[in-house]
Amino acid sequence: MTSSSNLTRRALLGAAGVAGIAGTAAAWPRLTGTDIPGRGEDALTVLILGTAQDAAGRQVIADAFMEEHPDIPVLIQSVQATDWGDFFAKILTMVASGTEPDIIYTATEGAQLFAERLALPLDEYVARDAEAMRDYFEDVHPSLIEAFMYKGELFQLPLDFNAANMYLNLDVIERNGLEMPGEDWSRDDFTELLRGMKGDATPYYWTNRLFGGVVPWLYVNDTSFLVEERADGGQEFWSTFYPGQERSGGYLWQASNATDDRVQETFEYMRQLIQEGLAVRPEEGGGNTLVGLFASGRIGSTPAGGYWVQGLAEGGMQPEQYDVQFFPRWRTQRHQFGGAGYAVMRTTQKADQAWEWIKFTASKQAMELAFPAPATTPTRRSMVNDNLYTGIGPEHWSRFYETLDRFPSTGPIPAPPQQAAVETALIRNVSTALSGGPDQVARSLESLDRDLRDVFAEEEA
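Every value quoted in this text rests on a predicted model; they were computed, and no experiment measured them.

Asker: Looking at this structure, I do not really get the side chain of aspartate 323. What am I missing?
Answerer: With respect to the element layout, aspartate 323 can be found in strand β12 (residues 322-325). Of the polar contacts made by the side chain of aspartate 323, one reaches the side chain of histidine 396; its length is 2.7 Å. Residues contacting aspartate 323, with those up to four places away along its chain left out, are Met166, Tyr167, Leu168, Leu170, Met180, Pro394, Glu395 and His396.

This is the structure in structure tokens:
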């Protein structure tokens, strides 16, 4: 087991800075989770990012689990946070205070942070219950599994994911006499499509973050702002559940690649789109605020995943008013994705019970309870079907999962254990890179390179 003393100085200071705990005793119960109803009960505690209402929504899964396992009481808890980085910071604060939960639902952004410092590997449990788990792995694309391996060990079973596809507003396309692009469209085709929308709507809206920001453009240009490597290991797992697949022990991002020529080329392309009035300057945050703008025909295109379908329906947009396409091809058509699943804390005294929860929530029964509507893309291929999307999703909803099949090199967003600091550096330098001319792009990427080298150097210190 790992105590809180094993956390790095950077992690704890980062948690304190992001969560804003500089001082007051009054805030401590809220930040450590000791004010959460039920805290301290002898139950398997499961923590999620969200509100009390979100936790109540997952109670149906807990009830189904406890019906099968009446000897394992489960308590669903929630922590509100502005984003995943804020959520992870609060978790680190809880660990430091000794009030951590047994299980946490975490996304790709925190997968390696947890694997490196906080989570328990699942390999022994998976091997022990291989026959029971075979149905899950046969239904889940191996790329999603590989993304939750770290240095040869598996730490999470992904339950939902989203690739960065391109949403296109058919109302905007039709009123400008344009056509829906084909699956093999190129970056130049995309540029011309935006030019056809200019003056009628915001042709391209994007956000300044890892998912859906500059990263998908880096991926299709066959590069990234971090050096991407693959770890050894995992061969026994792959041969057991995915025979014939040549996979690794997980992704590694341990160095900056910010000064690569293709990175600069990508940033320059984005700068030119903005300069020509074909794209907005990216803003920080998620894409929830864009739903209304897209639904009302004021945005022509934006990158997003299957999680947008339910929001657009609730915003009043009809399925025939928009469609989704693969991201346009540049040197490659490699996509990015992010996923999420439950991680078991190393500090738990209930590891066996926690595994039973992990195993149950990966079952089709539990996943159908968890994802009754298209507010994300289930990792089980069999669940991405007509029943989920008919009458609510776009015509080509199948592309959400087909992205993994059509483009085998598609991989997770670059999220090392230092993800929070890495994303902060990226966001800051993207903003400055797009505020001037080509010289400003070069200077900003040099600054990003320095920032990233400092992040990795401090971790090694």
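Asker: What exactly am I supposed to notice about the pairing of β12 here?
Answerer: Consecutive side chains of a regular strand alternate in pointing toward one face of the sheet and then the other. Alternating residues of β12 divide into Tyr322 and Val324 and Asp323 and Gln325, and every residue in both groups is buried. Strand direction decides the pairing type here: strand β7 (residues 165-169) and β12, joined by 4 bridges, are antiparallel. Bridging across to β12, asparagine 169 finds its partner in tyrosine 322.

Asker: Is there a simple way to explain helix α11 (residues 187-197) in this structure?
Answerer: Structurally, the α-helix is built with 3.6 residues per turn, so residues lying three or four positions apart point the same way. All buried positions along α11 are accounted for by Arg187, Phe190, Thr191, Leu193, Leu194 and Met197. Buried residues of α11, seen end-on, are gathered within an arc of 160° and therefore sit on one face of the element. Following α11 by one or two positions, glycine 199 adopts a phi angle in the positive range, close to 95°.

Asker: Whenever I open this one, helix α14 (residues 261-275) confuses me. Can you help?
Answerer: Here α14 contains 15 residues, and its C-alpha end-to-end distance of 21 Å stays within 8% of the 21 Å for a straight helix at 1.5 Å per residue. Every buried residue of α14 is accounted for by Val263, Thr266, Phe267, Glu268, Tyr269, Met270, Arg271, Leu273 and Ile274. Where α14 ends, the next residue or the one after it, glycine 277, has phi of about 80°, a positive value.

Asker: I would appreciate a short explanation of the environment of phenylalanine 237 in the present structure.
Answerer: Along the polypeptide, phenylalanine 237 turns up in helix α13 (residues 235-241). Between the alpha carbons of phenylalanine 237 and alanine 130 there is a distance of 9.7 Å; along the sequence they are 107 residues apart. In this structure, phenylalanine 237 is in contact with Val126, Phe137, Ile145, Met149, Leu154 and Tyr242, ignoring residues within four places of it in sequence.

Asker: Hey, could you run me through the pattern of salt bridges in this one?
Answerer: For side chains of opposite charge, pairing can occur when their charged atoms come near one another. Tallied over the full model, the rule gives 25 salt bridges. The partner of arginine 453 in a salt bridge is aspartate 449, with the nearest N and O atoms 2.9 Å apart. Remark: aspartate 449 and arginine 453 occur in helix α22 (residues 438-460); sequence separation between them is 4 residues, near one turn of the helix. Its relative accessible area of 11% is what places aspartate 449 among the buried residues.

Asker: Hey, could you run me through unusual backbone geometry in this one?
Answerer: Trans is the prevailing form of peptide bonds, just as negative phi is the prevailing case for residues other than glycine. If you check the backbone angles, lysine 151 has positive phi at about 50° while not being a glycine. Structurally, lysine 151 is set in the loop between β4 (149-150) and β5 (153-154). On the basis of relative accessible area, lysine 151 is assigned to the partly exposed category, the value being 46%. The backbone of aspartate 222 sits at a positive phi, close to 60°, despite the residue not being glycine. With relative accessibility at 46%, the residue aspartate 222 sits in the partly exposed group.

Asker: For this particular structure, what's the right way to read the sheet that holds β12?
Answerer: Strands in a sheet are paired, the pairing made by backbone hydrogen bonds, and the direction either parallel or antiparallel. On the basis of which strands lie adjacent, the open sheet formed by 4 strands has the order β8-β11-β7-β12 and mixed pairing. Two strands close off the open sheet at either side, each with one partner strand: β8 (202-204) and β12. Averaged over neighbouring strand pairs, the angle between their axes works out to 25° when direction is ignored. Two strands pair when backbone bridges link them, and β7 and strand β11 (residues 299-304) are joined in this way by 4 bridges, in the antiparallel orientation. Each residue of the ladder has a partner; that of tyrosine 167, found in β11, is threonine 302. Lying over the sheet, α11 contacts β7, β8 and β11, oriented at roughly 175° with respect to β8. Sitting on the sheet, helix α20 (residues 399-406) is in contact with β7 and β12, with an inclination near 140° to β7.

Conventions adopted
- Residues numbered from 1 in each chain as written.
- Predicted model: local features only at pLDDT ≥ 70, side-chain atom pairs only at ≥ 80, totals over all residues.
- Heavy atoms only, no water.
- Helix = DSSP H or I, 4+ residues; strand = E, 2+ residues; numbered from the N terminus.
- Polar contact = N/O pair within 3.5 Å; in protein donor to acceptor, adjacent residues only side chain to side chain.
- Contact = heavy atoms within 4.5 Å.
- Buried < 20%, exposed > 50% of the residue type's maximum accessible area, 1.4 Å probe, protein only.
- Pairing = 2+ DSSP bridges.
- Arc of directions from axis to C-beta.
- Expected span 1.5 Å × (residues − 1).
- Salt bridge = Lys/Arg side-chain N within 4 Å of Asp/Glu carboxyl O.
- Axes fitted to C-alpha atoms, helices over the stretch in contact; angles between N-to-C directions.

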